[in-house]
Amino acid sequence: MAHYDLEEQEQLDALKAWWNTYGNYVSGAILLVALSLLAWNSFSWFEYKKANEAALLYQQFNAAIHDKDSARVTALAGELIHSYPKQAYATLAAMEAGAFSLENKDNKTAQQQLSWAAEKGEKSLKDLAKLRLAHFFLMEQQWEKALDVLKNPQSMRFLPAFLDLKGDIYWAQNKTQEALKVWKEAQTKIAADLQLQNALASLNEAILQKIAAIAQNETTKNEKNSESTVDFSQNVEKSSDVNQKK
């Protein structure tokens, strides 16, 4: 785990709180983009058969998630990954199993599951998996690994989400200017594409809120610095008056 100071921890805590509040909305919008890229056409009979088998197994997997049956979640996710690696269901199961493992404080298994989805999962879902893996590394304070995962999205439609998460990583390290730069770049990418404006409206709003929060923090810091300067000047003047009287 990387070393980090108190201010970095405060930034990280703020990010965790933000994700707890808004993460579902943003993740939902990004998931819709991912699913829109899935191609279900031109299936051969064999592919259709495999997809149906995987779908049935995925239903069982979701039931295990609902029942919070850890052993069954792990087993069914493993079966989907081993037997149906090219199916989207395997990638979705790997990501969901990763989230489930995190909830159960099994970070090692979570990293393995998310890494498989990001590296070997169904092509159209890899970018979504990369976002989840990078977010995992962010929460683990493994900044460089998180940034490395976000280097090259397969689809440019995911670029705003990649840039947004990069901003979070920089902000967690107290690199405010770098964070602002990539967040503003993300906004530019969204504004340039009408479809993205609609699909990623919640993400764009989230970025606006983070930029506004930084601006507010800077204003507060400047006000405190001004007050400190005034207090220091007053103390110097008082000290000078006392010396003159002596």
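Residues numbered from 1 in each chain as written. Predicted model: local features only at pLDDT ≥ 70, side-chain atom pairs only at ≥ 80, totals over all residues. Heavy atoms only, no water.

A. Looking closely at the overall build of the protein. Per the secondary structure count, the protein includes 11 helices and zero strands. Order of helices (α) and strands (β) in the protein, N terminus to C terminus: α-α-α-α-α-α-α-α-α-α-α. Every one of the 246 residues in the protein was classed for burial, and the buried ones make up 43%. Within the protein, residue pairs in contact and separated by at least 24 positions form 61% of the contacts whose partners lie at least 6 positions apart. When the accessible surface of the protein is summed, it comes to about 14200 Å², and 52% of that surface belongs to carbon and sulfur atoms. (Helix = DSSP H or I, 4+ residues; strand = E, 2+ residues; numbered from the N terminus. Buried < 20%, exposed > 50% of the residue type's maximum accessible area, 1.4 Å probe, protein only. Contact = heavy atoms within 4.5 Å. Areas by Shrake-Rupley, 256 points an atom, 1.4 Å probe, with all protein chains shown as cover.)

B. Structural view of the side chain of Thr 91. Relative to the elements of secondary structure, Thr 91 occurs in helix H4 (residues 88-103). Residues in contact with Thr 91, not counting those within four places in the same chain, are Trp 116, Ala 117, Gly 121, Glu 122 and Leu 125.

C. Inspection of the packing of helix H6 (residues 126-139) against helix H8 (residues 159-172) at higher detail. In contact at an axis separation of 11 Å, H6 and H8 are set at 5° when each is read in the N-to-C sense. As judged from the angle between their axes, H6 and H8 are roughly parallel. Together, Asp 127, Lys 130, Leu 131, Ala 134, His 135 and Leu 138 of H6 and Ala 161, Phe 162, Leu 165, Asp 168, Ile 169 and Ala 172 of H8 make up the contact between the two elements. Each residue belonging to the contact of H6 with H8 can be placed in one class, and the counts come to eight nonpolar, one polar and three charged. (Axes fitted to C-alpha atoms, helices over the stretch in contact; angles between N-to-C directions. Parallel < 35°, antiparallel > 145°, perpendicular 65-115°, else oblique. Nonpolar A, V, L, I, M, F, W, Y, C, P; charged D, E, K, R; others polar.)

D. Region of interest: the confidence of the model for the protein. Model confidence for the protein is summarised by a mean pLDDT of 81, while 71% of its residues fall at 70 or above. Confidence scores differ between elements of the protein, with helix H1 (residues 6-36) showing the lowest mean pLDDT of 54 and helix H7 (residues 143-149) the highest of 97. (pLDDT = per-residue confidence, 0-100.)

E. Here's a closer look at unusual backbone geometry. A positive phi angle is found at Lys 68, which is not glycine, with a value near 55°. Here Lys 68 shows up in the loop between helix H2 (45-67) and helix H3 (70-83).

F. Examining H6 more closely. With 14 residues, H6 should reach 20 Å at 1.5 Å per residue; the first-to-last C-alpha distance of 20 Å fits that figure. A large share of H6 lies buried, amounting to 12 of its 14 residues. Those residues of H6 lying buried are Lys 126, Asp 127, Leu 128, Ala 129, Lys 130, Leu 131, Leu 133, Ala 134, Phe 136, Phe 137, Leu 138 and Met 139. (Expected span 1.5 Å × (residues − 1).)

G. Broad picture of the packing of aromatic side chains. A full pass over the atoms with the stated rule returns four aromatic pairs. Aromatic pair Tyr 58 and Phe 61: ring centres 6.0 Å apart, planes at 20°, arrangement stacked. Residue Tyr 58 and its partner Phe 61 are both found in helix H2; the two are separated by three residues, about one turn of the helix. The exposure class assigned to Phe 61 is buried, which follows from its relative accessible area of 0%. (Phe/Tyr/Trp six-rings, centres within 6.5 Å; stacked < 30°, edge-to-face > 60°.)

H. Inspection of H4 at higher detail. Its 16 residues give H4 an end-to-end C-alpha distance of 23 Å, which sits within 8% of 22 Å, the value for a rise of 1.5 Å per residue. Buried within H4 are the following residues: Ala 88, Ala 90, Thr 91, Leu 92, Ala 93, Ala 94, Met 95, Ala 97, Gly 98, Phe 100 and Ser 101.

I. Summary view of the environment of Ala 117. Counting through the fold element by element, Ala 117 comes out in helix H5 (residues 107-120). Ignoring sequence-local partners within four residues, the contact set of Ala 117 consists of Thr 91, Ala 94, Met 95, Lys 126 and Ala 129.

J. Spatial organisation of the pattern of salt bridges. If you walk through the whole model with that rule in mind, you get four salt bridges. Lys 210 is the salt-bridge partner of Asp 164, the closest N and O atoms lying 2.7 Å from each other. Remark: Lys 210 occurs in helix H11 (residues 201-245) and Asp 164 occurs in helix H8; sequence separation between them is 46 residues. For the pair Asp 164 and Lys 210, a shared accessibility class is recorded, and that class is buried. (Salt bridge = Lys/Arg side-chain N within 4 Å of Asp/Glu carboxyl O.)

K. Main features of the packing of H5 against H6. For the pair H5 and H6, the least separation of the axes is 7 Å and the interaxial angle reads 150°. The pairing of H5 with H6 is recorded here as roughly antiparallel in orientation. The two elements H5 and H6 cross, and the hand of that crossing is left-handed. Packed against H5, whose contacting residues are Asn 107, Ala 110, Gln 111, Leu 114, Ser 115, Ala 117, Ala 118, Glu 119 and Lys 120, the element H6 presents Lys 126, Ala 129, Lys 130, Arg 132, Leu 133, Phe 136 and Phe 137 at the interface. Within the contact of H5 with H6, the residues separate by chemical class into eight nonpolar, three polar and five charged. (Left-handed = near helix turned anticlockwise from the far one by under 90°.)

L. Fine view of the environment of Glu 205. With respect to the secondary-structure elements, Glu 205 resides in helix H11. Residue Glu 205 is classed as partly exposed on the basis of its relative accessible area of 41%. When the C-alpha positions of Glu 205 and Gln 187 are compared, they lie 9.4 Å apart, and in sequence the two are 18 residues distant.

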